[in-house]
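Structural description and commentary
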Amino acid sequence: MQKANYITREGYLALDRELKYLWKEKRPRVTQAVSDAAALGDRSENAEYIYGKRRLREIDRRVRFLTKRLEILTIIDPDPRQEGKVFFGAWVKLEDESGHVQIYRIVGADEFDPKKNWISINSPVARALIGHKVDDEISVMTPSGKTYFFILEISYTPIT
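Read on for a plain summary of the structure. Not measured: the values here are computed from a predicted model.

Quick notes on the rules
Residues numbered from 1 in each chain as written. Predicted model: local features only at pLDDT ≥ 70, side-chain atom pairs only at ≥ 80, totals over all residues. Heavy atoms only, no water. Helix = DSSP H or I, 4+ residues; strand = E, 2+ residues; numbered from the N terminus. Rg over C-alpha atoms; globule rule 2.2 N^0.38 Å. Buried < 20%, exposed > 50% of the residue type's maximum accessible area, 1.4 Å probe, protein only. Contact = heavy atoms within 4.5 Å. Lys, Arg positive; Asp, Glu negative; His and termini not counted. Charge placed at Lys NZ, Arg CZ, Asp CG, Glu CD. Expected span 1.5 Å × (residues − 1). Polar contact = N/O pair within 3.5 Å; in protein donor to acceptor, adjacent residues only side chain to side chain. Phe/Tyr/Trp six-rings, centres within 6.5 Å; stacked < 30°, edge-to-face > 60°. Lys NZ or Arg CZ within 6 Å of the ring centre and 35° of its normal. Pairing = 2+ DSSP bridges. Axes fitted to C-alpha atoms, helices over the stretch in contact; angles between N-to-C directions.

We now examine the overall build of the chain. In terms of helices and strands, the chain carries three helices and seven strands. For the chain, the succession of helices and strands along the chain, N to C, is β-α-α-β-β-β-β-α-β-β. Scaling as 2.2 N^0.38, a compact globule of 160 residues should have a C-alpha radius of gyration of about 15 Å, whereas the chain reaches 22 Å, well beyond that. C-alpha extents for the chain along the principal axes are approximately 70 × 35 × 30 Å. Expressed as a percentage of its 160 residues, the buried residues of the chain come to 36%. Counted over contacts in the chain with a minimum sequence separation of 6, partners at least 24 positions apart contribute 55%. The distance from the centre of the 27 positive side-chain charges to the centre of the 24 negative ones in the chain is 6 Å.

See the structure below:
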């Protein structure tokens, strides 16, 4: 299965902010610190210099990743025609077999966050939800076996 390169507008802007911060603020500060440490003399045993160079490599690696990633991502904005069905960017309120209610948001792989209950479009739950509507029952294969969910609510704005 091919992974989707989708992202919400908020997710794209967050990655873009991170890239700009790293390139315009963080990297120049670390570069200056490395330059200052190098001016102190012997670089072979200079911890500030060694750590600074390592930090610069980490920043450069992240900058390269973000630059390439932002080029291939597709921003998906909710469409009014999607109302009533689950698609990318939707908040979905689900009830499992035991009556436990959970709210998930379907987002891109670059922005999923378990603490916020944001799940990747590539996850089994999200894949099972796509295209369904309120009152549909879906099944998802989990490590503990097949689990059933009942869709209680779908929204393209946050559900409380």
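After that view, the rundown keeps rolling.
Glancing now at helix H2 (residues 47–72). Between its first and last C-alpha atoms H2 spans 38 Å; for 26 residues at 1.5 Å apiece the expected length is 38 Å, and the two agree. For H2, every residue scored as buried is listed here: Tyr49, Gly52, Leu56, Ile59, Val63, Leu66, Arg69 and Leu70. Capping of H2 at its N-terminal end is provided by asparagine 46; its side-chain oxygen lies 3.2 Å from the backbone amide nitrogen of glutamate 48.

Turning our attention to the packing of aromatic side chains. Throughout the structure, instances matching the rule amount to one aromatic pair. Ring centres of tyrosine 6 and phenylalanine 88 lie 5.7 Å apart, and the angle between their planes is 70 degrees; this geometry places the pair in the edge-to-face category. Taken together, the residues tyrosine 6 in strand S1 (residues 6–7) and phenylalanine 88 in the loop between strand S2 (74–75) and strand S3 (91–96) connect sequence positions 82 residues apart. Residue class for tyrosine 6 comes out partly exposed when judged on its relative accessible area of 35%. Positioned above the aromatic ring of tryptophan 118 is the side chain of lysine 116, whose terminal nitrogen or guanidinium carbon lies 4.3 Å from the ring centre.

Read across the open sheet, the five strands follow the order S5-S4-S3-S7-S6; overall the sheet is mixed. Unpaired on one side and paired on the other, strand S5 (118–120) and strand S6 (137–142) mark the two borders of the sheet. Strand-to-strand twist across the sheet, computed as the mean angle between neighbouring axes with direction ignored, equals 45 degrees.

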